[in-house]
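# Overview (structure and organization)
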Amino acid sequence: ALTHPHRCIGLICVAGGRLTNDREWYAEYARGVEEGREAPLMTDPPTNMAANRQLSADFKRTIQRPTLFREVAALQTPALFLYGAEDIRPSWAVAQVAALLPDARFDLIPHADHYLYLTHPEHVQSRADAFLSSLP
């Protein structure tokens, strides 16, 4: 959306969307993992950890761009951020990104964890459908 805004009529971000590499964010997430507040996700095929590491490295490079927050704040693309209220990943970092965008909504889904698209698919679908219907 930042690189080609004319090719993007809207953004939907489910269970993610932070632009921070904050130590407190990681500390809170690590506490949640340590306390066992999130069941491991069993996927078929299994998670590709090499791809995951590459994406993490790319993410860290991206968030270090000095102009990133200015670029995000100037983006005129409507956006919807869906996040689980019970996600062990702190929601404040995603709420900040939503607050930066001039036409964004942050929707915290009660009783949902990080995998809200699996545990609360009806909520995700209804909110996504409403958002998509509102786009030109």
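Now for a description of the structure that goes with this document. Treat the numbers as computed from the prediction; the structure is a model and nothing was measured. One numbering rule holds for all chains: residues counted from 1, following each sequence as written. Restriction of local features to residues with pLDDT of at least 70 applies here, the model being predicted, together with a cutoff of 80 or more for giving and counting side-chain atom pairs; totals for whole chains, interfaces and linings are based on all residues. Neither water nor hydrogens contribute to the side-chain values; these are computed over all heavy atoms in the structure.

## As for the nonpolar core
As a reminder, the rule being used: For our purposes a nonpolar core is just a set of buried Ala, Val, Leu, Ile, Met, Phe, Trp, Tyr and Cys residues, chained together by side-chain atoms within 4.5 Å. Working definition: with a 1.4 Å probe on protein chains only, accessible area under 20% of the residue-type maximum means buried, over 50% means exposed, and in between means partly exposed. Only runs of H or I of at least four residues qualify as helices and only runs of E of at least two qualify as strands under DSSP, and these elements are numbered from the N terminus. Throughout, a residue-residue contact means that at least one pair of heavy atoms, one from each residue, lies within 4.5 Å.
L19, L68, V72, F81, V97 and L101 are the most contacted members of the largest nonpolar core, which has 13 residues in total. If you list the elements that add at least two residues to this core, you get α3 (68-74), β2 (79-84) and α4 (92-100). When residues no more than four places from it in sequence are discounted, the contact partners of L68 are L2, L19, T62 and I63. Residues A112, L116, F131 and L135 belong to the second largest nonpolar core, which totals nine residues.

## Let's talk about the pairing of strand β3 (residues 104-109)
Which entries qualify depends on this criterion: Between any two strands, pairing holds if DSSP finds at least two bridges. Handedness of a crossover is defined as follows: with both strands directed away from the viewer, a clockwise route from the first strand across the helix to the second makes it right-handed.
Note that β2 and β3 share six bridges and pair parallel. In the sheet register, L82 faces β3, and the bridge partner there is D107. Assessed by its sense of winding, the connection that carries the chain from β2 through α4 to β3 is right-handed.

## Things to note about the pattern of salt bridges
Short version of the rule: For this document, the term salt bridge refers to a Lys or Arg side-chain nitrogen within 4 Å of an Asp or Glu carboxyl oxygen.
A complete count under the given rule lists seven salt bridges for this structure. Here E38 and R89 are joined by a salt bridge, their closest N and O atoms 2.6 Å apart. One end of the pair, E38, is in the loop between α1 (23-34) and α2 (49-63); the other, R89, is in the loop between β2 and α4, and 51 residues separate them in sequence. R89 matches E38 in its accessibility class, with the two residues each being buried. Of the charged contacts, one joins D107 and R127 as a salt bridge, the two residues approaching to 2.6 Å between their closest N and O atoms. One end of the pair, D107, is in strand β3; the other, R127, is in helix α6 (residues 121-134), and 20 residues separate them in sequence. Looking at D107, the relative accessible area reads 8%, which means it is buried. If you follow the salt bridges from partner to partner, you end up with E38, D87 and R89 in one network.

## A short note on the packing of aromatic side chains
Filter applied, for reference: Between 30 and 60 degrees the pair is tilted, below 30 it is stacked and above 60 it is edge-to-face, where a pair is any two Phe, Tyr or Trp rings, Trp via its six-membered ring, whose centres lie within 6.5 Å. Cation placement over rings: the criterion is NZ of Lys or CZ of Arg within 6 Å of the ring centroid and within 35° of the ring normal.
Here the structure, examined in full by the defined rule, presents four aromatic pairs. Through a chain of ring-to-ring contacts, three or more aromatic side chains come together here, namely W25, Y26 and Y29. The ring of W25 has R18 lying over it, and the distance from NZ or CZ to the ring centre is 3.8 Å.

## Comments concerning unusual backbone geometry
The residue A15 is not glycine, and still its phi comes out positive at about 65 degrees. Relative to the assigned elements, A15 resides in the loop between β1 (11-14) and α1. The buried category is assigned to A15, whose relative accessible area is 10%. A positive phi angle, close to 65 degrees, is found at H111, a residue other than glycine. Relative to the assigned elements, H111 resides in the loop between β3 and α5 (116-119). Among the residues examined, H111 registers a relative accessible area of 67% and is labelled exposed.

## Considering α1
Our working definition: Multiplying 1.5 Å by the residue count of a helix minus one yields the expected span of that helix. Distance and chemistry together define a polar contact, namely a pair of N or O atoms within 3.5 Å, with one atom able to donate a hydrogen and the other to accept it when in protein, and with adjacent residues in sequence counting only for side-chain atoms on both sides.
Along its 12 residues, α1 runs 16 Å from first to last C-alpha, staying within 8% of the 16 Å computed at 1.5 Å per residue. Capping of α1 at its N-terminal end is provided by D22; its side-chain oxygen lies 2.8 Å from the backbone amide nitrogen of E24. G36 occupies a position one or two residues after α1 and carries a positive phi of about 70 degrees.

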